[in-house]
Amino acid sequence: MEIKHLTAMESKDIQLLHGDCLELMNNIPDGSINLIVTDPPYRMTSRGSNGSTGGMLAKKIGMSGRVFNHNDCNVKDWMPELYRVLKNGSHAYIMCNHINLIEYLNIATQCGFHFIKSLIWDKCSKIMGRAYMSQFEYILMFRKGDFKQVNDCGISDIISIQNKKPKDTYGNNLHDTSKPVSLMELLIKQSSMNEDLVLDPFSGIGTTALGCINTHRKFIGMEIDDNYFEIAEKRIGDAIKQKQQNLFDK
């Protein structure tokens, strides 16, 4: 199990941990996290062929109803841990699709979470589906304990942000389900303050971490996939160096 403190100037505000989040979260004290923003590796609809679809759905693993090699983390295992580490009076945002919606809601409320509402992320583009074309994703908003108001009540619960994915030098997606940094920034700014600690146990290529760097929050995240961890490590390191350079340039 590898732990990386990816910072310039020897700061420990941004931490990326390499390994199984269920093991790594055991080291996080109860009630120590100010906000959770995460996109778990949830199930998709399985299909025998890709039909007219493309992208991740055209891949063999996508046709089986899975997106990643590490796609078997059970919500019944990780949801109680999210509840345990979150502070009272704090929010959790969990990305979800329609297949997993009922299960996520039921298990979260069984763990003690209060379901606030489902935000809709409008991706501003459509992909082919067998029952209507898909253009949105759920962001399930929960709270632990006491009521907490968001920082800007004037923002709509339909969030329209273009779904643009970072590419490698060959034009391939660095991650097939990565979310826009601006989307994570919005959620982070709505439910936390400067210097608060944000957790993402399914960090992928580090999008939530980048949102924390850009909004002056602390971050702790986990990623089990070797390739995604290395990509996240580089993206986070580059973002911290750029932030430090911007400070020196002022």
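Note that the structure is predicted; figures quoted are calculated from it, not measured.

### Some details on unusual backbone geometry
What is expected of a backbone is that most residues other than glycine have negative phi and most peptide bonds are trans.
Argument step 1. The phi torsion at cysteine 124 lies on the positive side, around 65°, for a residue other than glycine.
Argument step 2. Counting through the fold element by element, cysteine 124 comes out in strand 5 (residues 114-127).

### Focus: the pairing of strand 5
Along a regular strand, successive side chains alternate from one face of the sheet to the other.
Argument step 1. As paired strands, strand 5 and strand 6 (residues 134-144) are joined by nine bridges and run antiparallel to one another. Within strand 6, the residue paired with histidine 114 across the bridge is arginine 143.
Argument step 2. Counting the residues that bridge the hairpin from strand 5 to strand 6 gives six residues, and of these tyrosine 132 lies at a positive phi of roughly 70°.
Argument step 3. Bridge analysis of strand 5 against strand 7 (residues 158-160) gives three bridges, and the strand direction is parallel. Residue pairing for strand 7: isoleucine 120 is matched across the bridge by isoleucine 158.

### A short note on helix 6 (residues 207-215)
Argument step 1. A large share of helix 6 lies buried, amounting to eight of its nine residues.
Argument step 2. For helix 6, the full list of buried residues reads Thr207, Thr208, Ala209, Leu210, Gly211, Cys212, Ile213 and Thr215.
Argument step 3. Immediately beyond the C-terminal end of helix 6, within one or two residues, lies histidine 216, with a positive phi of roughly 65°.

### Points about the packing of helix 3 (residues 75-85) against helix 4 (residues 101-111)
Argument step 1. One can describe the packing of helix 3 onto helix 4 by two numbers: an axis separation of 9 Å at closest approach and a directional angle of 45°. Relative to helix 4, the element helix 3 is oriented oblique. Relative to helix 4, the crossing made by helix 3 is right-handed. Contacts between helix 3 and helix 4 involve Val75, Lys76, Trp78, Met79, Pro80 and Tyr83 on the former and, on the latter, Glu103, Tyr104, Ile107, Ala108 and Cys111.
Argument step 2. A class-by-class count of the residues in the contact of helix 3 with helix 4 yields nine nonpolar, no polar and two charged.

### Re the packing of aromatic side chains
Argument step 1. Scanning all chains against the criterion turns up six aromatic pairs.
Argument step 2. An angle of 90° between the planes, with centres 5.1 Å apart, marks the rings of tyrosine 83 and phenylalanine 113 as edge-to-face. Note that tyrosine 83 is positioned in helix 3 and phenylalanine 113 in the loop between helix 4 and strand 5, a separation of 30 residues in sequence.
Argument step 3. Take tyrosine 83: its relative accessible area is 23%, and that puts it in the partly exposed class.
Argument step 4. Relative accessible area serves as the criterion here: at 3%, phenylalanine 113 is assigned to the buried category.
Argument step 5. Taken together, a centroid distance of 5.6 Å and an interplanar angle of 40° make the contact between phenylalanine 113 and phenylalanine 142 tilted. Of this pair, phenylalanine 113 sits in the loop between helix 4 and strand 5 while phenylalanine 142 sits in strand 6, placing them 29 residues apart in sequence. Note on accessibility: phenylalanine 113 and phenylalanine 142 belong to one class, buried.
Argument step 6. Taken together, the ring pairs in this structure connect Tyr83, Phe113, Phe115 and Phe142 into an aromatic cluster.
Argument step 7. The aromatic ring of tyrosine 83 is capped on one face by lysine 144, whose charged end is 4.7 Å from the ring centroid.

### Overview of the nonpolar core
Argument step 1. Core analysis: the largest hydrophobic core is formed by 57 residues, its most contacted members being Trp78, Met79, Leu82, Tyr93, Leu187, Leu199 and Ile236.
Argument step 2. Among the elements that make up this core, the one with the highest residue count is strand 4 (residues 86-96) (six residues).
Argument step 3. Among residues more than four places away in sequence, those in contact with leucine 187 are Leu35, Val37, Tyr93, Leu119, Ile139 and Ile159.

### With respect to the side chain of aspartate 200
Argument step 1. Topologically, aspartate 200 is positioned in strand 8 (residues 197-200).
Argument step 2. Here aspartate 200 occupies a buried position and makes no salt bridge, while the nearest side chain of opposite charge, lysine 179, is found at 9.7 Å.
Argument step 3. Excluding its chain neighbours within four sequence positions, the residues that come into contact with aspartate 200 are Val37, Thr38, Asp39, Thr208, Phe219, Ile220, Gly221 and Met222.

### Some thoughts on the environment of aspartate 226
Argument step 1. Relative to the helices and strands, aspartate 226 is located in helix 7 (residues 226-249).
Argument step 2. Given a relative accessible area of 49%, aspartate 226 falls into the partly exposed group.
Argument step 3. When the C-alpha positions of aspartate 226 and glycine 204 are compared, they lie 10.0 Å apart, and in sequence the two are 22 residues distant.

### Some thoughts on the pairing of strand 2 (residues 14-18)
Argument step 1. Of all five residues making up strand 2, four are buried, and the element is well covered by its neighbours.
Argument step 2. Sheet topology note: the strand 2/strand 9 (residues 218-223) ladder contains five bridges and is parallel. In the strand pairing of strand 9, leucine 17 is matched with methionine 222.

### Some remarks on the side chain of arginine 235
Argument step 1. Along the chain, arginine 235 turns up in helix 7.
Argument step 2. Among the polar contacts made by the side chain of arginine 235, one reaches the main-chain carbonyl oxygen of isoleucine 205 at a distance of 3.0 Å.
Argument step 3. Discounting chain neighbours no more than four positions away, the residues touching arginine 235 are Pro166, Val181, Ile205, Gly206, Thr207 and Leu210.

Rules of the game
- Residues numbered from 1 in each chain as written.
- Predicted model: local features only at pLDDT ≥ 70, side-chain atom pairs only at ≥ 80, totals over all residues.
- Heavy atoms only, no water.
- Helix = DSSP H or I, 4+ residues; strand = E, 2+ residues; numbered from the N terminus.
- Pairing = 2+ DSSP bridges.
- Buried < 20%, exposed > 50% of the residue type's maximum accessible area, 1.4 Å probe, protein only.
- Axes fitted to C-alpha atoms, helices over the stretch in contact; angles between N-to-C directions.
- Parallel < 35°, antiparallel > 145°, perpendicular 65-115°, else oblique.
- Left-handed = near helix turned anticlockwise from the far one by under 90°.
- Contact = heavy atoms within 4.5 Å.
- Nonpolar A, V, L, I, M, F, W, Y, C, P; charged D, E, K, R; others polar.
- Phe/Tyr/Trp six-rings, centres within 6.5 Å; stacked < 30°, edge-to-face > 60°.
- Lys NZ or Arg CZ within 6 Å of the ring centre and 35° of its normal.
- Core = buried A, V, L, I, M, F, W, Y, C linked by side-chain atoms within 4.5 Å.
- Lys, Arg positive; Asp, Glu negative; His and termini not counted.
- Salt bridge = Lys/Arg side-chain N within 4 Å of Asp/Glu carboxyl O.
- Polar contact = N/O pair within 3.5 Å; in protein donor to acceptor, adjacent residues only side chain to side chain.

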